[in-house]
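# Close look at the chain arrangement
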Amino acid sequence: MKDRFNRICIIGAGPAGSMSAYLLKKSGFDVVIVDKYSTPKRKVCGEYLCPSGVDLLNKQGLKFIVEDFRRVSGMKIVSPMGRSVLSFFPEGRIINYGASVNRSIFDQRLRDLGKNEGCKYIEGHAVTNIQQEGSSWIVILESGEKVLCDLVIGADGINSPTAQIFGHKELINTNRIALHVYIPLKDRKFYSRLGQMHITKDGSYVGLNPINENEINFSIVCSKEKLKHMSGREIINEAIRSSHILRSYFDEIDNETKISTAGSIKNKNSFIAGDGVAYVGDSAGFIDPLTGEGIYNSLQGAIFLNDALQKSPNNLGLKAYKEQKIKFFREKNILNNVFQLIIKTPFLCELVASFLIVRQKRADTFIGIIGNIYKPLEGIKKLLFQS
Ligand SMILES: Cc1cc2nc3c(=O)[nH]c(=O)nc-3n(C[C@H](O)[C@H](O)[C@H](O)COP(=O)(O)OP(=O)(O)OC[C@H]3O[C@@H](n4cnc5c(N)ncnc54)[C@H](O)[C@@H]3O)c2cc1C
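Note that the coordinates shown come from a computational prediction; the quantities given were computed from them, not determined experimentally.

## Some thoughts on the domain arrangement of the chain
On domain assignment, one finds that the chain holds domain 1 (7–47 + 102–172 + 265–340) and domain 2 (176–262). Computed over C-alpha atoms, the centres of domain 1 and domain 2 are 30 Å apart. Counting each side, the surface lost to burial between domain 1 and domain 2 is near 1000 Å², with a carbon and sulfur contribution of 54%. In terms of surface lost to domain 2, no three residues of domain 1 exceed Arg42, Val44 and Ile265, which account for 51% of the buried area on that side. Viewed at the interface, domain 2 and domain 1 are joined by one salt bridge. Between Glu215 and Arg42 there is a salt bridge, and its shortest N-O distance comes to 2.9 Å. One can count ten residue pairs in polar contact (both at pLDDT 80 or more) joining domain 1 with domain 2. For the side of domain 1 that touches domain 2, the class distribution of residues is five nonpolar, one polar and four charged.

So, in structure tokens, the structure goes:
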């Protein structure tokens, strides 16, 4: 591979790809970015940007990207037995609110950043292959067009065709799926600026994000097995029926309601970066949407990649990026795996809910950890020892 990367081809113009394109172009690289869709889709996503994500955009001078979206001031967490924990993002070293974004508008704004900076965008064409030619790569699009570059950045999401082409995508057991719909509230009196997480007795969970008064983003993560016996509509309606809170908010959905499905909600890629290839965002690894940090992680990953390549525009920079990424996300990844275990064990859910419900400060600290207002260890200490 080249001693110095000049030409970069980024595959995928979601948050990770577009943020990388924008920053790397500003750092002086020659950037081409390819996306299979000509305009961003409203994908299967809770569309909640956590406080650390809002804070990151503010610090990059990009406040306008989320400014007009409604704020999320906290979370209501409902345990399998119906214990309801209300929590508000605490004031800390960063902003104490998240945002309910519309992904198609949000992703388009990020794409426009790179375009305005002078990146070349090729939209509406999927990448189908990548070949090595000497010390360069040839990225081949379905249209037959070829892009020659020194560094390939895979930012093509959880199923990452780039990682599949290079053989970096690891096979993991993904026995959970996500179903996603937009549902109106029965009555506007239920509208509030809190996100919601309803955990069910079978280890599934429902996430609610109030985009606006008429549109609640509703996603359910459950076992794949369920789809063998029930349709997506039946699964969603069962979740609504079996919770008195959800039942009071929503009518059951009819055949006309469009349901989107995400067949895999996990990705493992231990390669991350090296030898003229780097991954950013979900393509570099994704655990589960439970804590709603995917967008933030993607944006933060792009910043780490740009910082490292600015210092060393070569494989040493990629090595530094990999190390930084692993170090930064290590604590949170461990914690998120613990959260997964708790969600799947109703007894533990009740224990945690009973602990949090006793004091408002506890609940707020807990949600501060999830929203990255506190670092995991710092937050856990606060949680256990606060008066
Ligand atoms: C059910 C569910 C709920 C979620 N809720 C939240 C939430 O509330 N908050 C949050 O922060 N995160 C959430 N996430 C995670 C979040 O959606 C992702 O982490 C985020 O979208 C990752 O951004 P990305 O840029 O890495 O990938 P993506 O946003 O997936 O972008 C990848 C891009 O690559 C393009 N692409 C794919 N293949 C090709 C190809 N062959 N050629 C060219 N282009 C290609 C796609 O068109 C797409 O534009 C959720 C995920 C799921 C599954």
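## So, helix 6 (residues 232–241)
Buried residues of helix 6: Gly232, Ile235, Ile236, Asn237, Ala239 and Ile240, and no others. Where helix 6 is buried, its residues contact strand 13 (176–183), strand 15 (205–212), strand 16 (215–223), helix 5 (226–229) and helix 7 (244–249).

## Some details on the site of the ligand
Close to the ligand lie 34 residues; Asp35, Lys43, Gly46, Tyr48 and Asp282 are nearest. Asp35 is positioned with one of its side-chain polar atoms (N or O) 2.6 Å from an oxygen atom of the ligand. Within the contact set of the ligand, an oxygen atom lies 3.2 Å away from a backbone nitrogen or oxygen of Gly294. Notes on the ligand: free accessible area 1000 Å², of which the protein chains cover 92%. Counting residues per element, the ones that place at least two in the shell around the ligand are helix 1 (15–26), strand 2 (30–35) and helix 8 (294–311). For the shell around the ligand, the element with the highest residue contribution is helix 8, accounting for three residues. Taken together, the residues of the shell around the ligand sort by class into 18 nonpolar, eight polar and eight charged.

## A look at the side chain of Asp150
With respect to the element layout, Asp150 can be found in the loop between strand 11 (146–149) and strand 12 (151–154). A residue is classified by how much of its surface remains accessible, and Asp150, at 1% relative accessible area, is buried. A distance of 2.6 Å separates the side chain of Asp150 from the side chain of Arg7, its partner in a polar contact.

## Brief notes about the sheet that holds strand 17 (residues 260–262)
Spatial ordering of the open sheet is given by 6-5-14-15-16-13-17, a layout of seven strands whose pairing is mixed. The sheet is open, and its two edges are formed by strand 6 (84–88) and strand 17, each paired on a single side. Across this sheet, the average inter-strand angle for adjacent strands is 20 degrees, counted without regard to direction. The strands that helix 6 touches are strand 13, strand 15 and strand 16; relative to strand 16, the one it contacts most, it runs at about 105 degrees. The sheet strands contacting helix 11 (residues 360–370) are strand 5 (74–78) and strand 6, and the helix crosses strand 6 at an angle near 70 degrees.

Reading the values: rules and limits
- Residues numbered from 1 in each chain as written.
- Predicted model: local features only at pLDDT ≥ 70, side-chain atom pairs only at ≥ 80, totals over all residues.
- Heavy atoms only, no water.
- Domains from an automatic or database assignment.
- Buried area = accessible area lost by both parts, 1.4 Å probe.
- Salt bridge = Lys/Arg side-chain N within 4 Å of Asp/Glu carboxyl O.
- Polar contact = N/O pair within 3.5 Å; in protein donor to acceptor, adjacent residues only side chain to side chain.
- Nonpolar A, V, L, I, M, F, W, Y, C, P; charged D, E, K, R; others polar.
- Buried < 20%, exposed > 50% of the residue type's maximum accessible area, 1.4 Å probe, protein only.
- Helix = DSSP H or I, 4+ residues; strand = E, 2+ residues; numbered from the N terminus.
- Contact = heavy atoms within 4.5 Å.
- Near = heavy atom within 4 Å.
- Areas by Shrake-Rupley, 256 points an atom, 1.4 Å probe, with all protein chains shown as cover.
- Pairing = 2+ DSSP bridges.
- Axes fitted to C-alpha atoms, helices over the stretch in contact; angles between N-to-C directions.

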